[in-house]
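If you want the building blocks of each chain, they are given just below.
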Amino acid sequence: MGEERRGHVPVETELKRSWRRAPPHESMNSALMPAPLVVSLEAIRTDGWFERIGEGIGSFQALCDIVGPRFTSLTVDRRTPDNTLVEFAVGADEDAGIAGEPQRLTLSEFRQRLVNALVIDEPHGIAPKRTTDLEAVQLHIGVRYLLLAPLYGYALRELRVGPDGSNIILSHDGIEETYLLPAFRARIRTHVREELERVQRPAARSAIDLARVVEAETAAKRGDSLKVLDLLGSWPAPLAIFLRTPEGQLLNPESRATIARGLGLLGSACISLGEHGKGEEVLRLGIQYAGDGVAAPELFLRLGEAMLDDGRAGESIGPLRRAANLGTVPARVWSLLAEAFLSRGRNLAALGAVLEAQASGTPVAELEGTVERLKEALGAPLDTWQRAVGRTALLE
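What you see is a predicted model; the values in this text were computed from it and never measured.

Reading the values: rules and limits
- Residues numbered from 1 in each chain as written.
- Predicted model: local features only at pLDDT ≥ 70, side-chain atom pairs only at ≥ 80, totals over all residues.
- Heavy atoms only, no water.
- Helix = DSSP H or I, 4+ residues; strand = E, 2+ residues; numbered from the N terminus.
- Buried < 20%, exposed > 50% of the residue type's maximum accessible area, 1.4 Å probe, protein only.
- Contact = heavy atoms within 4.5 Å.
- Areas by Shrake-Rupley, 256 points an atom, 1.4 Å probe, with all protein chains shown as cover.
- Pairing = 2+ DSSP bridges.
- Axes fitted to C-alpha atoms, helices over the stretch in contact; angles between N-to-C directions.
- Salt bridge = Lys/Arg side-chain N within 4 Å of Asp/Glu carboxyl O.
- Left-handed = near helix turned anticlockwise from the far one by under 90°.
- Nonpolar A, V, L, I, M, F, W, Y, C, P; charged D, E, K, R; others polar.
- Expected span 1.5 Å × (residues − 1).
- Arc of directions from axis to C-beta.
- Core = buried A, V, L, I, M, F, W, Y, C linked by side-chain atoms within 4.5 Å.
- Parallel < 35°, antiparallel > 145°, perpendicular 65-115°, else oblique.
- Patch = residues over 30% accessible without salt bridge, like charges linked within 9 Å, V, L, I, M, F, W, Y side chains within 5 Å.

Chemist: Summarise the overall build of the protein; cite the residues concerned and give the values.
Modeler: In terms of helices and strands, the protein carries 21 helices and seven strands. For the protein, the proportion of its 396 residues judged to be buried stands at 36%. Taking contacts inside the protein between residues at least 6 apart in sequence as the whole, the part at least 24 apart equals 53%. When the accessible surface of the protein is totalled, it reaches about 22800 Å², and 54% of it is carbon and sulfur.

Here it is in structure tokens:
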């Protein structure tokens, strides 16, 4: 009995010993975090659906045939378009043979009803468990958001589902962006609300005078951002609407370039006055008008420079690279890219950008600060490289 008592170890003591013997990594949560589920959205993207419908419409009756009996007719008021009457049915179900309740609203009221329906944040499906379950992916994102996204320039790329929630990776005006899924939905709903507000401002519809661009350029050279804002401040709302019309799509390259230049001036003016968010949105609209035309390099350069000045070096690299590829002023873009790369710790890329900037004629004084930081970051390997290529100094 005595030996048994001496050999007996209380449970509490054994647990403490086991805890002390456990390696540090085992005393924590040893279970590895599960890898996020990455789903390509290529198969469910809806890019171009609105344009494809428009291409097949030869008359309004054809539109009614496509939309179906739920949207039955328009009684057009040409003198006061907002008084145009829209007849439609609510609660119709063709498969069940239910005709639905017929209603009639003015075009203005119909727009309001439609927007109210679109901005309600309805419950969404649970996160998908498999990359092949495309229906679950659609329900998780929301079908309405899949349809609305391309109308506002978003090309959806990937859905990443992790322990902390779902993220959506997309391209917006050629720039890759990442949003938490709820934030993306909120952004789309904001676009819808803004669209209604723009349509409801009739005084702004005829506010586009392309001759003002020359005046705005003169004001911008003087540094008079308030004057630029006064001249072009009413442009974004009607131009955002006009871009989505058939007339906007068929606008000649010269007019598109002039509009893009004006929006570039306005965007930079907003940013200089402290309205970074508004300024960047204006620049993105300008990029849509510019396409790959002559105004595009300057707009991408302005957008990248604004992001860099706002402390978002990583985001600025995309538009700055695009500006370089499109042939913007190399002395400006390469010095900015060098600063952006260095801020992100991409030291070799920064070195390449410095050399490009120097070769393109950037004044040495503009590069000295970047070069000093680059020397400190690269250290001895930079000296070895300079000796190998026969350079006595980085700036020669």
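Chemist: Can you lay out the sheet that holds strand β1 (residues 37–40) for me, pointing to particular residues and giving the numbers?
Modeler: Strand order in the open sheet formed by four strands is β1-β5-β6-β7, and the pairing between neighbours is antiparallel. Two strands close off the open sheet at either side, each with one partner strand: β1 and β7 (175–180). The average undirected angle you get between the axes of adjacent strands in this sheet is 20°. Here strand β5 (residues 154–162) runs beside strand β6 (residues 165–172); their pairing, made up of eight bridges, is antiparallel. Bridged to Leu-159 within β6 is Ile-168.

Chemist: Can you break down the pairing of β7 residue by residue, with the values?
Modeler: The side-chain alternation of β7 yields one buried face, formed by Ile-175, Glu-177 and Tyr-179, and one unburied face, formed by Glu-176, Thr-178 and Leu-180. With six bridges connecting them, β6 and β7 associate as antiparallel partners. Pairing of Ser-171 across the sheet is with Glu-176, part of β7. With antiparallel pairing between neighbouring strands as the criterion, β6 and β7 make up a hairpin whose turn holds two residues, including Asp-173 at a positive phi of roughly 55°.

Chemist: So, the pattern of salt bridges: which residues are in play, and what are the values?
Modeler: Evaluation of the coordinates by the stated rule reveals 16 salt bridges. For the salt bridge of Asp-224 with Arg-222, the shortest nitrogen-to-oxygen distance reads 3.6 Å. The exposure class of Arg-222 is exposed, given its relative accessible area of 55%. A salt bridge links Arg-332 to Glu-305; the nearest nitrogen and oxygen atoms lie 3.2 Å apart. One end of the pair, Arg-332, is in helix α18 (residues 330–343); the other, Glu-305, is in helix α16 (residues 296–309), with 27 residues separating them in the sequence. What makes Glu-305 partly exposed here is its relative accessible area of 25%. Here the salt bridges do not stand alone but share partners, grouping Glu-280, Asp-310, Arg-312 and Glu-315 into one network.

Chemist: Would you mind going over the side chain of Ser-335 in detail, with residue names and values included?
Modeler: Position of Ser-335 among the secondary structure elements: in helix α18. Dropping the residues within four chain positions of it, Ser-335 is found in contact with Ala-357, Thr-362 and Leu-367.

Chemist: Can you break down the packing of helix α19 (residues 347–359) against helix α20 (residues 364–378) residue by residue, with the values?
Modeler: Put simply, α19 and α20 touch, their axes get as near as 10 Å, and they point 150° apart. Read as a crossing pair, α19 and α20 show a hand that is left-handed. For the pair α19 and α20, contact is made by Asn-347, Leu-348, Ala-350, Leu-351, Val-354, Ala-357 and Gln-358 and by Leu-367, Thr-370, Val-371, Leu-374, Ala-377 and Leu-378, respectively. Grouping the amino acids of the contact of α19 with α20 by side-chain chemistry returns 10 nonpolar, three polar and no charged.

Chemist: How would you explain α18 if you had to name every residue and give the values?
Modeler: With 14 residues, α18 extends 20 Å from end C-alpha to end C-alpha; this agrees with the ideal 20 Å at 1.5 Å per step. Looking only at α18, the buried set comprises Ala-331, Val-333, Ser-335, Leu-336, Leu-337, Ala-338, Ala-340, Phe-341 and Leu-342. The elements touched by buried residues of α18 are α16, α17 (313–325), α19 and α20. Gly-345 occupies a position one or two residues after α18 and carries a positive phi of about 80°.

Chemist: Requested: an account of the side chain of His-191, with residues and values cited.
Modeler: As for its position among the elements, His-191 is in helix α9 (residues 181–199). Judged by its relative accessible area of 11%, His-191 falls in the buried class.

Chemist: Go over helix α10 (residues 212–222) with me, naming the residues and quoting the values.
Modeler: By the burial criterion, the buried members of α10 are Val-213, Ala-216 and Ala-219. When α10 is viewed along its axis, its buried side chains cluster within an angular range of 120° and face the same direction. Opposite its buried face, α10 presents the exposed residues Val-214, Lys-221 and Arg-222, each directed more than 90 degrees away. Positive phi appears at Gly-223, one or two residues downstream of α10, with a value of about 80°.

Chemist: How would you explain the nonpolar core if you had to name every residue and give the values?
Modeler: Ranked by internal contacts, the top residues of the largest apolar core, which has 56 residues, are Leu-232, Leu-263 and Tyr-289. Beyond its immediate sequence surroundings of up to four residues, Leu-232 is in contact with Arg-212, Ala-216, Gly-262, Leu-265 and Leu-266. Of all hydrophobic cores here, the second largest spans 25 residues; its members include Ala-149, Tyr-154, Leu-159 and Tyr-179.

Chemist: Break down the packing of α10 against helix α11 (residues 225–232) for me, citing the residues and quoting the values.
Modeler: Direction vectors running N to C along α10 and α11 enclose 165°, while the axes themselves pass 8 Å from each other. It follows that α10 is roughly antiparallel to α11 by the angle criterion. As for the relative orientation of α10 and α11, their crossing is left-handed in sense. Where α10 approaches α11, its residues Arg-212, Glu-215, Ala-216, Ala-219, Ala-220 and Arg-222 are matched on the opposing element by Lys-227, Val-228, Asp-230, Leu-231 and Leu-232.

Chemist: Would you mind going over a nonpolar patch on the surface in detail, with residue names and values included?
Modeler: On the surface, Leu-139, Val-143 and Leu-147 cluster together to form a nonpolar patch covering roughly 240 Å² of accessible area. Along the polypeptide, Leu-147 turns up in helix α8 (residues 143–148). By relative accessible area, Leu-147 is classed as partly exposed at 33%.

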